[in-house]
Amino acid sequence: MPARRQHAPSRAGGSPRSGSPRPAARAGRRRADPARRAAYDVLRAVADRDAYANLLLPALLAERGLTGRDAAFATELTYGTLRGRGTYDAILAACSDRDQLDPPVRDVLRLGAHQLLATRVGDHAAVATSVDLAKDVCGPRPSGFVNAVLRRVATRDLDAWTEILAPDRDRDPAGYLAVRYSYPRWIVEAFRDALGPAGAVELEDALAAGNLRPDVILAVTPGQDGSEDPAPLAPPDATPTRWSPYGLALAGGDPAPFVASGRAVVQDEGSQLAALALARVRLGPDPHAAAPGSDGLWLDLCAGPGGKARLLAGLGAGRGARLVASDIRPHRAGRVLDTLRSARYRARLTPAAAVIAADGLRVPWRPGTFDRVLADVPCSNLGSLRRRPEARWRKTPDDVPRLAAVQRGLLTAAIGSVRPGGVVAYVTCSPHLAETRDVVTDVADRRGDVTILDAPAVLAEVPGLRASDPRFAQFWPHRHGTDAIFLALLSRRSPPGRS
């Protein structure tokens with residue numbers, strides 16, 4: 001469900017500013033305030049160009065000079081409307097006599113519904129400013145329709161609309177939760193399956209947590225100041241994360257100056273812990289090597305944009321290990337290189353890392369080259385819906401089998417790249433069983449030279465990690481305050497028939 005009215009920012013209107021373009025054919029003064037116009041423009045870019053709100057909105061706010069309360073209000077409108085779209089569309093359909101809405105009108109109505117149902121903006125202001133926005137972006141004709149629909153929306157609060165429109169909870173629990181918390185039904189069912197026996201108790205909490213705006217989490221590169229403690233490098237409003245010794249949480253403020261200084265990157269705590277788990281696992285000896293098992297060469301197989309590579313490079317540098325970071329797309333490999341170079345004291349890190357552009361399904365190195373391999377594979381990103389609110393509407397169930405086929409190929413290549421006695425970390429930002437448990441168990445069963453390790457035991461300080469298959473670690477926003485990161489650790493054995 002979208003956030004309650006009393007918890008969201010309030011703004012009744014705003015004065016026009018420069019930098020908010022309107023269609024050239026539209027004559028007269030600009031009526032909509034810049035914050036609402038910015039939110040509207042992001043919604044249209046998400047729909048028309050498959051833009052990512054978390055990338056577009058900060059750039060648009062900077063371009064138009066929106067700061068402070070205006071920027072905060074535009075952010076709340078954008079993210080809240082994208083998260084609540086499913087619920088708002090059901091309510092708008094009940095309040096409209098039209099079967100089809102023009103996309104610009106629909107987005108104006110969604111923004112108005114969010115203000116009415118999930119912010120402290122007064123009803124009159126929410127309706128009036130939505131009418132002004134409609135006149136700016138759609139022309140005068142739809143404004144009366146927008147006014148009428150939103151006045152109907154304002155006759156009930158969000159709970160009352162949910163009880164009227166959602167399916168019966170006892171007869172169709174997934175359908176009820178899909179409307180109440182604004183998710184496609186298939187994602188509700190995927191979360192329920194991933195929670196396993198805990199689903200009956202925790203599913204609603206998991207869905208609710210996916211609608212909360214997360215803190216910005218930073219990762220400080222290990223060894224920058226001679227210790228694991230990032231506090232000496234922290235901004236004033238930062239606090240250490242609960243489990244990662246390199247994490248900082250920012251409840252507010254702009255992380256850009258801190259990131260631009262090279263002292264840290266934005267990275268979820270669950271992602272940091274997945275990389276730390278790979279670095280912690282004790283390796284076995286290579287029975288075919290003349291010397292005891294080595295630990296000097298690590299691989300990040302799908303490294304873009306480079307957050308985990310930077311952390312692994314720092315961890316490896318402290319042990320004399322070298323990291324190879326690879327990505328199939330040259331521009332993403334370039335971003336990895338930039339991320340590594342941005343680290344403070346980069347003279348220490350750069351010699352410990354190399355970046356290449358290579359296809360992870362057809363690797364250019366010899367089998368068994370590496371001691372540790374991270375396979376952070378492309379996935380549906382259902383685990384990061386807090387940060388990518390449009391993803392829940394952009395993905396479909398048909399995407400999952402296609403992704404799972406790629407994931408199996410990448411995990412197979414990762415296992416082939418590690419030496420006997422070495423370890424692979426398989427990581428996804430999705431809890432979907434078809435992308436997590438099923439991929440790992442299928443590849444391990446087919447190969448016959450892999451042992452699935454106890455991943456939660458490697459991160460024993462973090463409670464509640466065990467998945468329905470207890471060998472795997474599954475982070476959850478409602479349990480850990482992280483993205484829903486999945487982690488499996490696999491040790492490679494000597495091929496069958498060799499001793």
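Residues numbered from 1 in each chain as written. Predicted model: local features only at pLDDT ≥ 70, side-chain atom pairs only at ≥ 80, totals over all residues. Heavy atoms only, no water.

## Some details on helix α13 (residues 269-280)
With 12 residues, α13 should cover 16 Å at 1.5 Å per step; its first-to-last C-alpha distance of 16 Å lies within 8% of that length. Within α13, 11 of the 12 residues are buried, which leaves the element mostly enclosed by the surrounding structure. Considered for burial, the residues of α13 that qualify are Glu 269, Gly 270, Ser 271, Gln 272, Leu 273, Ala 274, Ala 275, Leu 276, Ala 277, Leu 278 and Ala 279. The N-terminus of α13 is capped by Asp 268, whose side-chain oxygen sits 2.9 Å from the backbone nitrogen of Gly 270. (Helix = DSSP H or I, 4+ residues; strand = E, 2+ residues; numbered from the N terminus. Expected span 1.5 Å × (residues − 1). Buried < 20%, exposed > 50% of the residue type's maximum accessible area, 1.4 Å probe, protein only. Polar contact = N/O pair within 3.5 Å; in protein donor to acceptor, adjacent residues only side chain to side chain.)

## Observations regarding the packing of helix α1 (residues 34-49) against helix α3 (residues 68-83)
Here α1 crosses α3 at 35°, and the two axes come no closer than 8 Å. The way α1 lies across α3 gives a crossing that is right-handed. When α1 is examined against α3, the residues Ala 35, Arg 36, Ala 38, Ala 39, Val 42, Leu 43 and Val 46 are found in contact with a partner set consisting of Asp 70, Phe 73, Ala 74, Leu 77, Thr 78, Thr 81 and Leu 82. Considering only residue class, the contact of α1 with α3 consists of 10 nonpolar, 2 polar and 2 charged. (Axes fitted to C-alpha atoms, helices over the stretch in contact; angles between N-to-C directions. Left-handed = near helix turned anticlockwise from the far one by under 90°. Contact = heavy atoms within 4.5 Å. Nonpolar A, V, L, I, M, F, W, Y, C, P; charged D, E, K, R; others polar.)

## Details of the side chain of Asp 107
As for its placement among the helices and strands, Asp 107 is situated in helix α5 (residues 103-118). When neighbours within four sequence positions are excluded, Asp 107 is seen to be in contact with Tyr 40, Leu 43 and Arg 44.

## Side note on the packing of aromatic side chains
Across all of its chains, the model carries 5 aromatic pairs by this definition. Ring centres of Tyr 426 and Phe 486 lie 6.3 Å apart, and the angle between their planes is 75°; on these two criteria the pair is classed as edge-to-face. Residue Tyr 426 is located in strand β9 (residues 418-428), and its partner Phe 486 is located in strand β12 (residues 486-492); the two are separated by 60 residues in the primary sequence. Ring-pair connections join several aromatic residues into one group, and the members of that group are Tyr 183, Phe 191 and Trp 476. Geometry around Phe 145 places Arg 98 over its ring, the cationic atom sitting 3.8 Å from the centre. A cation sits over an aromatic face here: Arg 156 above Trp 161, 4.9 Å from the ring centre. (Phe/Tyr/Trp six-rings, centres within 6.5 Å; stacked < 30°, edge-to-face > 60°. Lys NZ or Arg CZ within 6 Å of the ring centre and 35° of its normal.)

## Notes on the sheet that holds strand β4 (residues 264-266)
Whether parallel or antiparallel, the strands of a sheet pair through hydrogen bonds between backbone atoms. Taken in spatial order, the 4 strands make up an open sheet running β2-β3-β1-β4, and their pairing is antiparallel. The open sheet has two edge strands, β2 (238-240) and β4, and neither has a second partner. The mean angle between the axes of side-by-side strands here comes to 35°, regardless of whether they run parallel or antiparallel. Of the pairings in the sheet, the one linking strand β1 (residues 216-220) to strand β3 (residues 247-250) comprises 4 bridges and is antiparallel in character. Bridge assignment links Val 216 to a residue of β3, and that residue is Leu 250. (Pairing = 2+ DSSP bridges.)

## Description of the pairing of strand β5 (residues 297-300)
By the bridge criterion, 4 bridges tie β5 to strand β6 (residues 322-327) in an arrangement that is parallel. Each bridged residue has a counterpart across the sheet, and for Leu 297 the counterpart in β6 is Arg 322. The pairing of β5 with strand β8 (residues 370-376) spans 3 bridges and is classified as parallel. By the bridge assignment, Leu 299 is partnered in β8 with Val 373.

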